[in-house]
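Structural overview for review
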Number of protein chains: 4
Amino acid sequence: MKIGFIGLGRMGQGIARRLLDAGHDLVVYNRTAEKAAELCAAGARFAATTTLLCAEREVVITMLADDAALDSVVSGGLLQALPRGAIHMVMGTHGVAAIRALTALHAGAGQILVAAPVLGRPDVAAAGQLGIVAAGPADALKRCRPLFEVIGRRTFEAGAEPEGATAIKLANNFTLGCAIQAMSEAFALVAKHGVPPQVLYDVLTEGLFAAPAYKVYGQIIVDEAYDKPGFTSLLALKDADLALAAGGAARVPLPSVNALRDRLLGAIAHGDGEKDWAVIAREQARASGLK
Amino acid sequence: MKIGFIGLGRMGQGIARRLLDAGHDLVVYNRTAEKAAELCAAGARFAATTTLLCAEREVVITMLADDAALDSVVSGGLLQALPRGAIHMVMGTHGVAAIRALTALHAGAGQILVAAPVLGRPDVAAAGQLGIVAAGPADALKRCRPLFEVIGRRTFEAGAEPEGATAIKLANNFTLGCAIQAMSEAFALVAKHGVPPQVLYDVLTEGLFAAPAYKVYGQIIVDEAYDKPGFTSLLALKDADLALAAGGAARVPLPSVNALRDRLLGAIAHGDGEKDWAVIAREQARASGLK
Amino acid sequence: MKIGFIGLGRMGQGIARRLLDAGHDLVVYNRTAEKAAELCAAGARFAATTTLLCAEREVVITMLADDAALDSVVSGGLLQALPRGAIHMVMGTHGVAAIRALTALHAGAGQILVAAPVLGRPDVAAAGQLGIVAAGPADALKRCRPLFEVIGRRTFEAGAEPEGATAIKLANNFTLGCAIQAMSEAFALVAKHGVPPQVLYDVLTEGLFAAPAYKVYGQIIVDEAYDKPGFTSLLALKDADLALAAGGAARVPLPSVNALRDRLLGAIAHGDGEKDWAVIAREQARASGLK
Amino acid sequence: MKIGFIGLGRMGQGIARRLLDAGHDLVVYNRTAEKAAELCAAGARFAATTTLLCAEREVVITMLADDAALDSVVSGGLLQALPRGAIHMVMGTHGVAAIRALTALHAGAGQILVAAPVLGRPDVAAAGQLGIVAAGPADALKRCRPLFEVIGRRTFEAGAEPEGATAIKLANNFTLGCAIQAMSEAFALVAKHGVPPQVLYDVLTEGLFAAPAYKVYGQIIVDEAYDKPGFTSLLALKDADLALAAGGAARVPLPSVNALRDRLLGAIAHGDGEKDWAVIAREQARASGLK
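Residues numbered from 1 in each chain as written. Chains lettered and ligands numbered in written order. Predicted model: local features only at pLDDT ≥ 70, side-chain atom pairs only at ≥ 80, totals over all residues.

1. Digging into the overall build of chain A
The secondary structure content of chain A amounts to 13 helices and 9 strands. In terms of C-alpha radius of gyration, chain A reaches 20 Å, essentially the compact-globule figure of 19 Å for 291 residues. Counting only C-alpha atoms, chain A reaches 65 × 45 × 35 Å along its principal axes. A buried classification covers 65% of the 291 residues belonging to chain A. Here the contacts in chain A between residues at least 6 apart in sequence split such that 64% fall between residues at least 24 apart. (Helix = DSSP H or I, 4+ residues; strand = E, 2+ residues; numbered from the N terminus. Rg over C-alpha atoms; globule rule 2.2 N^0.38 Å. Buried ≥ 20, exposed ≤ 12 C-beta atoms within 10 Å, placed from the backbone. Contact = placed C-beta atoms within 7 Å.)

Put into structure tokens, the structure is as follows:
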């Protein structure tokens, strides 16, 4: 398939490489061109602008950091240059409002937006094992399926409205954040009763919570290993804000997300913005007079 | 070992039967005597009062519904009648303050309190597969180990202070409640975006949250199957209150537990007190204008 | 009128003195007898026990620190010794559950409970200018009116159920606490924007919030004058817990009170338990990385 | 002084008229021109575009509904046309981020931004009795003082950074919202105990809370008079979101504002978006099972 790919961060590179290796015709673009070096060595072509990239593409994929970057790419050429009938597959995590607005823009231009945010880290992306939450018009999803099969281990179809996929992605993220926050409260409570954190960790992860969310983040909390972030407090705040904005627009109060966001803010206020977001356990400890 | 057992609800019966079948000398007591019928048919003796029950026992186990029931049993005979040097093993879920006070009372009477709250439902208890969180003086724990081996699949030792086990049990319970509350918010958010709940369920439980907490309760929420409660909203409120009281005494703010408690209160206010506590998802939906 | 008075803290002494000066026949009791010295010099008699105090009294007033003290006095003699038809006027701040239970106990003994918690500090009590929130059977309230007139500037009648007065008193207290918490957030927000707190104080108290709640506590926050507490964080926590317990029993979620309680817990955890409860502004600042 | 005025809603008209009556040279602009009719009849001139309006103005005042409207006016001509050295006085309630960005834009163009959000309703504006919170460079504030004197009863100077005035305005608004929310909780609690709301109202407003915030909104709640909104739930949500965004950027958790926002969302979800924002008392009652 003729594919364009914009946004070659670590996630983007992994996904693009999968597509290239599967034999697709791939043109790539990144603001910092050097990040495309490896892909180009492997057969991808580099487009000097997003406008050039879009020419004759059936699908253009964006994997961008935030709404501002997406907006900049869209208004900077993509919307104008994407062929009629082509698909813009948005794989980054964006806000519901941004996706809704972009859906309308593309529809107005005779193009199709498919939202396809992913679940997993860069190494998972490189292995083609991402979870993909995909939403958009049924026939567009059908056209994307061969790509999904190359990129991920499983695709969760979330209906015809792209924003549905966005809502799921945000919900998945805050469910994780709230689990970390609840664990943080649990660890603070037992710490005040003199119990070593490892005991609570064992209790939680051996039974009801024998899942990566609790094992990975519980261990980070037990080890206070916040310095090699998989996901930073600042990025987590961005996602919490997107979730709360989605809740605001949809009139859904999210009290657990409020609790999460407040601890993230406290952690960032105390200088832990670039730490792994599980550092909210330290902020919870601080609020409990433990630090 | 010479064991007394007080409190033959469904959990208590399962545990007592395991001890009996393992060959221990078992005397039982229950306010409603008929619940002891099956155990007595299998070889246990029934004591007419808790005072009589305590005679010559090395360990007396209580598995009672709440602090009031425990207090009633303790002041109604157990404290006075339990032999010096004997162990009172408390397996029910109680408050930190109650356990702390009882620890002192027993110490004053030359007896030993071991807190050993359990993780698991009645069927798990009957199968001897409970998780046990045990805390108390090291030699007392050692003496209890043969019993733990009969009762549970694994014992988590939580130190010399009985209240440490209590704190862990409460923390485990509210971590679960907060997971259900976070899921409730997630389901409400995606529902407002027109996504079928099953899609979110699949996304959550296939990856980060592939654990019983999310699978069991997520499915209850998807099916709105609140009518056969494993654990009711009213019982969950009791546990949330115990957790918040523990947090209060230890000076640990628990904002996620606040969010959980508020939804439980709302659910109970709307008549769902005897429903499965996952019904907070319905209360969350109601607060979002969905019901 | 033949009046008994139990509980001669600063509030109690002020109220009792008003009654004495108005010519009532006053017998007093206090655990620490010496606090009665001044009243006895002015004509009151001291009873050696609460049982003796109750003899022939038409009204026995209690002004005690908490539910435990009230329970101790009631079960320690008052319930048994108070004449049939006599009134127990409870002026302390207690929990709804305690008042409800005591109402039933007195009814069972042919006595009458009137709840009459007060609004105001010791100096206001001494001046006979308290606000009184009174609830109980209509004829009992009528009998108490001459006393209310001596004690207070105004009586707010809250119906036939004593617990109604309790609910109002708790609601009044948490409305104040929530105002202080909201101000604390406001001061933290403007501090982060470099605005001197006095400017916010002036804005608030000149207009919408030109009332003692904001003027008194706003000034304490501006001056960080937490060392001469009018009401400590620890006492405020007790009241917040009473309010949340009342909300729990009545199935009323109180999210603003949760926020207040969490900051009180944080303040106490950081050693500010004996400071004026406006010190939650410092805790809020701490949570914002300002301290 | 040569003044331009953009934004002739009810507030804007009142303020503009004060300036006109004080003898200033006034050019006005409004998207819907007819709203300028009365002012023009009284001597103001109407500019066909904001660009034309700016010509030769010493001060251009904007009183616009939200950040989007402000952005539209600024980028639609004001930034380009405002003379070097002239002042853009922003009187609307905007976000901290918007004001910060605009401050930089004006500085880059050799212009000066003064933030001067106001406290008060349209009738207060018409009477020249607004409170004004003003921030900006000292000499600019000095130049604006004659205008402030015509517009308001009192000016609160909040420093050299315009965003400081914004922070104060947002803080004032959420302090009010949190007071209403706390009252809502108080009314729900006493309602569940059978106490008529008027009794609580009397208790609150006679003493600690004898101020407009509680008198005006308490009475609306007692009367359930939500149908003639002074300020709607939807507008209040906008302000709460601005406050939380400011808190987010400044790393200040605002838990009471979270509670407020969640009730606003619930109220709007239940169809009360265009009601007076005190309708959160009804939402609080609903969450308590009272409706």
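2. Overview of the sheet that holds strand 9 (residues 152-157) of chain C
Within the open sheet, the 3 strands sit side by side as 7-8-9 (chain C). Their pairing is mixed. Looking at strand neighbours, the two that pair on one side only are strand 7 (118-119) and strand 9 of chain C, the edges of this open sheet. Looking at chain direction, strand 7 of chain C and strand 8 (residues 130-134) of chain C are connected through 2 bridges and run antiparallel. Bridging across to strand 8 of chain C, Leu119 of chain C finds its partner in Gly131 of chain C. Across the sheet, helix 9 (residues 197-206) of chain D lies against strand 8 and strand 9 of chain C, angled at about 155° from strand 9 of chain C, the strand it touches most. (Pairing = 2+ DSSP bridges. Axes fitted to C-alpha atoms, helices over the stretch in contact; angles between N-to-C directions.)

3. Side note on the interface of chain C and chain A
Contacts between the two partners involve 6 residues from chain C and, on the opposite side, 6 residues from chain A. A per-class count over the side of chain C that touches chain A returns 2 nonpolar, 4 polar and no charged. (Nonpolar A, V, L, I, M, F, W, Y, C, P; charged D, E, K, R; others polar.)

4. Points about the relation of the copies chain C and chain A
Note: a rotation about an axis with an accompanying shift along it relates these two copies of the chain. Overlaying chain C with chain A gives an RMSD of 0.0 Å, the required rotation being 180° about an axis along which the chain moves by 0.0 Å. Here the two chains are linked by the operation of a two-fold rotation axis. The rotation axis passes nearest to the C-alpha of Ala287 of chain C in chain C, at a distance of 3.5 Å. Interface residue correspondence from chain C to chain A reaches 100%, placing this contact among same-surface, isologous pairings. (Least-squares fit on C-alpha atoms with pLDDT ≥ 70 in both.)

5. Thoughts on the sheet that holds strand 7 (residues 118-119) of chain D
Here we have 3 strands laid out as an open sheet, ordered 7-8-9 (chain D), and mixed in their pairing. Where the open sheet ends on each side, the last strands, each with one partner, are strand 7 and strand 9 (152-157) of chain D. Packed on one face of the sheet, helix 9 (residues 197-206) of chain C meets strand 8 (130-134) and strand 9 of chain D and runs near 155° to strand 9 of chain D.

6. Overview of the relation of the copies chain A and chain B
In the superposition of chain A on chain B (RMSD 0.1 Å, axial shift 0.0 Å), the rotation amounts to 180°. Both copies share a contact surface, since 100% of the interface residues of chain A are interface residues in chain B too.

7. Considering the packing of helix 8 (residues 162-192) of chain A against helix 11 (residues 233-250) of chain A
Residue and element names in this part refer to chain A. Close contact between helix 8 and helix 11 brings their axes to 9 Å; oriented N to C, the two are set at 125°. As the angle between them shows, helix 8 and helix 11 are arranged oblique. In this structure, the crossing between helix 8 and helix 11 has a hand that is left-handed. Each of Ala167, Leu170, Asn173, Phe174 and Gly177 in helix 8 lies in contact with helix 11, whose residues at this interface are Ala236, Asp239, Ala240, Leu242, Ala243 and Ala246. Per-class residue counts for the contact of helix 8 with helix 11 are 8 nonpolar, 2 polar and 1 charged. (Parallel < 35°, antiparallel > 145°, perpendicular 65-115°, else oblique. Left-handed = near helix turned anticlockwise from the far one by under 90°.)

8. Quick notes on the domain arrangement of chain A
Residues and elements named next belong to chain A. Taken as a whole, chain A is organised into domain 1 (2-160) and domain 2 (167-287). Distance between the C-alpha centres of domain 1 and domain 2: 30 Å. Each partner contributes residues to the interface: domain 1 has 10 residues there, and domain 2 has 11 residues. Each residue belonging to the side of domain 1 that touches domain 2 can be placed in one class, and the counts come to 6 nonpolar, 2 polar and 2 charged. (Domains from an automatic or database assignment.)

9. Brief notes about helix 5 (residues 96-108) of chain B
Residues and elements named next belong to chain B. An ideal rise of 1.5 Å per residue puts 18 Å on 13 residues; helix 5 measures up with 18 Å between its terminal C-alpha atoms. Those residues of helix 5 not exposed but buried are Val96, Ala98, Ile99, Leu102, Thr103 and His106. Across the axial projection of helix 5, the buried residues extend over an arc of 155°, all falling on one side. With respect to the buried face of helix 5, the exposed residues turned more than 90 degrees away are Ala104 and Gly108. Gly110 occupies a position one or two residues after helix 5 and carries a positive phi of about 70°. (Expected span 1.5 Å × (residues − 1). Arc of directions from axis to C-beta.)

10. Section: the pairing of strand 2 (residues 25-29) of chain D
Residue and element names in this part refer to chain D. Most of strand 2 is tucked away: 4 of the 5 residues are buried. The pairing of strand 1 (residues 2-6) with strand 2 spans 5 bridges and is parallel. Across the sheet, Gly4 pairs through a bridge with Val27, a residue of strand 2. Of the crossover connections in this fold, the one passing from strand 1 over helix 1 (residues 10-21) to the parallel strand 2 is right-handed. With 2 bridges joining them, strand 2 and strand 3 (residues 45-46) adopt parallel strand pairing. Looking across to strand 3, one finds that Val28 is bridged to Phe46. (Right-handed = clockwise from strand over helix to strand, strands pointing away.)

11. Considering the interface of chain A and chain B
Listed per partner, the contact involves 59 residues of chain A and 59 residues of chain B. Of all the secondary-structure elements, those providing two or more residues to the side of chain A that touches chain B are strand 8 (130-134), strand 9 (152-157), helix 8, helix 9 (197-206), helix 10 (212-223), helix 11 and helix 12 (255-269) of chain A. Looking at the side of chain A that touches chain B element by element, the count peaks at 20 residues for helix 8 of chain A. For the side of chain A that touches chain B, the residue count by class is 37 nonpolar, 13 polar and 9 charged.

12. Considering the environment of Val90 of chain D
Mapping Val90 of chain D onto the fold places it in strand 5 (residues 87-90). Separated by 26 residues in sequence, Val90 of chain D and Leu64 of chain D place their C-alpha atoms 8.4 Å apart.

13. Quick word on unusual backbone geometry
Most peptide bonds take the trans form, and the phi angle of most residues other than glycine is negative. Located in the positive-phi region is Glu56 of chain A, a residue other than glycine, with phi close to 65°. You can see Glu56 of chain A is positioned in the loop between helix 3 (50-54) and strand 4 (59-62). By C-beta crowding, Glu56 of chain A is classed as exposed, having 10 other C-beta atoms within 10 Å. With phi around 65°, Arg251 of chain D is a residue other than glycine that occupies positive phi space.

14. Some remarks on the packing of helix 8 of chain A against helix 10 of chain A
Residues and elements named next belong to chain A. Remark: helix 8 packs on helix 10, axes separated minimally by 10 Å, with the N-to-C direction vectors making an angle of 45°. When the axis of helix 8 is compared with that of helix 10, the two are oblique. With respect to the hand of their crossing, helix 8 and helix 10 are arranged in right-handed fashion. Of the residues in helix 10, those in contact with Leu176, Ala179, Ile180, Met183, Ser184 and Phe187 of helix 8 are Ala213, Tyr214, Tyr217, Gly218 and Ile221. Its residues assigned to classes, the contact of helix 8 with helix 10 shows 9 nonpolar, 2 polar and no charged.

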